[in-house]
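Fold and geometry: a report
As a plain string of letters, each chain reads:
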Amino acid sequence: MIVVPVKEGETIERALKKLKRKFEKTGVVRELRARQKFTKPSVLKREQKLKAIYVESLRAKEADK
């Protein structure tokens with residue numbers, strides 16, 4: 001269960017923003033979407049590898065600047 005303490009005088013919008021951020025960090029929605037369909041392990045590996053290559057290229061570009 002996610003608990004968001006609301007300080008005195010804090011708006012509802014800020015509290016909702018904090019709740020959404022905490023909820024996103026837990027990864028519940030991402031896991032639900034992943035469980036809706038079966039993905040072969042080889043495809044998962046390929047996607048992870050492509051993401052790692054992309055992130056590494058971004059870091060290399062940042063280091064060059």
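This text gives an overview of the structure that appears in the document. Every residue gets a number counted from 1 within its own chain, in the order that chain's sequence is written. It should be noted that, the model being predicted, local features are given only for residues of pLDDT at least 70 and side-chain atom pairs only at 80 or more, the latter also being counted only at that level, while totals for whole chains, interfaces and linings use all residues. Side-chain metrics in this entry use all non-hydrogen atoms of the structure; hydrogen atoms and water are not considered.

1. Brief notes about a nonpolar patch on the surface
Worth spelling out the cut-off: A residue counts toward a patch only above 30% relative accessible area and without a salt bridge, and it is joined to like-charged neighbours within 9 Å or, for Val, Leu, Ile, Met, Phe, Trp and Tyr, to nonpolar neighbours within 5 Å. Using a 1.4 Å probe, the Shrake-Rupley method yields the accessible areas, and only the shown protein chains count as cover for residues. One speaks of a salt bridge when a side-chain nitrogen belonging to Lys or Arg is within 4 Å of a carboxyl oxygen belonging to Asp or Glu. Strands are runs of DSSP state E lasting at least two residues, helices are runs of H or I lasting at least four, and both sets are numbered from the N terminus onward.
Together, Phe-23, Val-28, Val-29 and Leu-32 give the surface a local cluster of nonpolar side chains, amounting to about 310 Å² of exposed area. When residues of the nonpolar patch are assigned to their parent elements, the largest contribution, three residues, is made by helix 2 (residues 28–35). Along the chain, Phe-23 falls in helix 1 (residues 12–26).

2. Thoughts on a positive patch on the surface
Note the threshold: By the counting rule applied here, Lys and Arg register as positive and Asp and Glu as negative, while His and the ends of each chain are not counted. Here the site of a charge means NZ on Lys, CZ on Arg, CG on Asp, or CD on Glu.
On the surface, a cluster of positive charge is made up of Lys-7, Arg-14, Lys-17, Arg-21 and Lys-25. For Arg-21, the position within the fold is in helix 1.

3. Thoughts on the pattern of salt bridges
Using the following cut-off: Summary of the burial criterion: residues with accessible area below 20% of their type's maximum are buried, those above 50% are exposed, and those between are partly exposed, where the area comes from a 1.4 Å probe applied to protein chains only.
Taken as a whole and judged by the stated rule, the model has two salt bridges. Ionic pairing is found between Glu-10 and Lys-18, a salt bridge with its closest N-O pair at 3.1 Å. In this structure, Arg-35 engages Glu-31 in a salt bridge whose closest nitrogen and oxygen atoms are separated by 2.8 Å. Within this pair, Arg-35 and its partner Glu-31 are both found in helix 2, separated by four residues, close to a single helical turn. Overall, the relative accessible area of 42% leaves Glu-31 in the partly exposed class.

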